[in-house]
Amino acid sequence: MAAETAGTAGTAADVAIVGGGPGGLTLARLLNLGGVRVTVYERDAGRTARTQGGTLDLHADTGQRALRAAGLTEAFRRHARPEGEDMLLLDRTGTVLHRDDTPDDSPALRPEIDRADLRDLLLDSLPPGTVAWGRVLRTATPGAGGWRLEFADGSRAEHRTVIGADGAHSRLRPLLTPAVPRHLGVNTVEGTIPDLDRTRPDLAAVVGRGSYWVVGDGHSLVAQRCSDGSARIGLTFYGPAHRAPDWLTTCGIPFEDPDAARAALLPLFADWTPECRALIAACTGPLTPRTLTALPVGLRWPHRPGLTLLGDAAHLMPPVGHGANAAMRDALELAAALAAAPGDPDAALRAYEEEMFARTARVAAESARILEMITSPAGAPRIAAFFRGEDDRAAAR
């Protein structure tokens, strides 16, 4: 079990990872296996400080590949849900456009795992003291032979190599590039139905074992199973009336009052199927609004000694299934680069960046295309064509 107390300040020979998400923790595990001393600085006060969100589908050639290199395949299989690949796609009238049913002998190319379970298995793989909890980065300053990190609690640390794995709002990114995430014209609202099978067996039958996805003109709904028995409900708004980045604050929906917020959301789905409205009405607890943002596709920056980024900090992209996988693949490639040049970490960072820039530009472009497909007027038939392996653009004509 990884220790959940802050470690001591590192020496200039250590690697610092700022951010304890899937990418940062995967890198910490891989570096530790290679004998590299590493400290992960995480802003959360501890592993249970906040909920980790819904589920991730880890792909065989990215997320699962990194876990294999980390020696965590068996731990992953204990938590992964191949049946989570089941998916039902409908339009707002209830017409089924596509269905995926996972066979019992599925090769588990993209099984689901809850974010909390993935984080726990990565944390449990690290030596005591690896994670310094409650460390909110304030500044990073270059110095002789490395970087000085200063945190909001007044603590400091010095490291030769610093990796920014601190997500969409990275504090390290501005040291490399002025690029900032831009709004994508899409806004979301997330809710939860707890203990779905017991509390709403009728809706459990609707959702099935994996995902239930309904796409309309201007907004969509997805319900997705989690391993704790709950279902995550996501509402996406992207039509002309909803595209403004401030829509969530100007729409008049009182998100501070969950009951009133549900009542205000239901009329937006008035002509949708009864099942869709029932899923929204069954959410308990808070409804969380978010705006979707992304970094420019193909973002690059001039190399700076001793510092680089991975995951959302480097290539934030639309949340269509590639982000966490890309971050974990980043960790795999960066660990391999550092292992190949143990005496020259700066050369390793350069090599990693060139590979990462090219690889993630393709992934980000594909993610942008998928989001454009989902949010187009012919979104539902285009997505169905995409899943059938057809040219989705033909479905729009």
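This is a predicted model, so every value here is computed, not measured.

**So, the packing of helix H12 (residues 345-374) against helix H13 (residues 379-387)**
Where H12 contacts H13, the two axes come as close as 7 Å, and the packing angle between them is 135°. With respect to their mutual orientation, H12 and H13 come out oblique. Residues Glu366, Arg369, Ile370, Glu372, Met373 and Ile374 of H12 form the contact with H13, whose own contacting residues are Gly379, Arg382, Ile383 and Phe386. When grouped by side-chain class, the residues that make up the contact of H12 with H13 number 5 nonpolar, 1 polar and 4 charged.

**Some details on empty space enclosed by the protein**
Over the atoms rolls a probe the size of a water molecule, and in doing so it shows where empty space is left. One pass over the full model with this rule turns up 2 cavities of 30 Å³ or more. Each pocket or cavity is described by its volume, and for the largest cavity that value is around 70 Å³. Where the lining of the largest cavity is concerned, the elements lending two or more residues are helix H10 (312-315) and H12. Of the residues forming the lining of the largest cavity, the biggest block, 4 residues, is contributed by H12. Residue classes in the lining of the largest cavity are distributed as 8 nonpolar, 3 polar and no charged. Its volume calculated, the second largest cavity comes out at about 40 Å³. In terms of lining, the second largest cavity is formed by Val189, Glu190, Gly191, Ile233, Leu235, Ile280, Cys283 and Leu287. Sorting the residues of the lining of the second largest cavity by element identifies strand E12 (182-193) and strand E15 (231-237) as the ones contributing at least two each. Ranked by residue count, the leading element in the lining of the second largest cavity is E12, at 3 residues. For the lining of the second largest cavity, the class distribution of residues is 6 nonpolar, 1 polar and 1 charged.

**Here's the deal with the packing of aromatic side chains**
As enumerated under the stated definition, the model contains 7 aromatic pairs in all. Aromatic side chains Phe237 and Phe269 sit 6.0 Å apart centroid to centroid with 70° between the ring planes, which places their arrangement in the edge-to-face category. Of this pair, Phe237 sits in strand E15 while Phe269 sits in the loop between helix H8 (258-265) and helix H9 (274-281), placing them 32 residues apart in sequence. As far as burial versus exposure is concerned, Phe237 and Phe269 are alike and both buried. Their ring planes at 90° and their centres at 4.9 Å tell us that Trp301 and Phe357 sit as a pair that is edge-to-face. Separated by 56 residues along the polypeptide, Trp301 in the loop between strand E16 (284-294) and strand E17 (307-309) and Phe357 in helix H12 bring together distant segments of the chain. A residue is classified by how much of its surface remains accessible, and Phe357, at 3% relative accessible area, is buried. Pairwise contacts between aromatic rings join Phe237, Trp247, Phe269 and Trp272 into one cluster.

Reading the values: the criteria
- Residues numbered from 1 in each chain as written.
- Predicted model: local features only at pLDDT ≥ 70, side-chain atom pairs only at ≥ 80, totals over all residues.
- Heavy atoms only, no water.
- Axes fitted to C-alpha atoms, helices over the stretch in contact; angles between N-to-C directions.
- Helix = DSSP H or I, 4+ residues; strand = E, 2+ residues; numbered from the N terminus.
- Parallel < 35°, antiparallel > 145°, perpendicular 65-115°, else oblique.
- Contact = heavy atoms within 4.5 Å.
- Nonpolar A, V, L, I, M, F, W, Y, C, P; charged D, E, K, R; others polar.
- 1 Å grid on protein atoms, 1.4 Å probe; cavity = no way out; pocket = protein on both sides within 12 Å on 5 of 7 lines; lining within 4 Å.
- Points joined across faces, edges and corners; volume = space filled by probe spheres on them.
- Phe/Tyr/Trp six-rings, centres within 6.5 Å; stacked < 30°, edge-to-face > 60°.
- Buried < 20%, exposed > 50% of the residue type's maximum accessible area, 1.4 Å probe, protein only.

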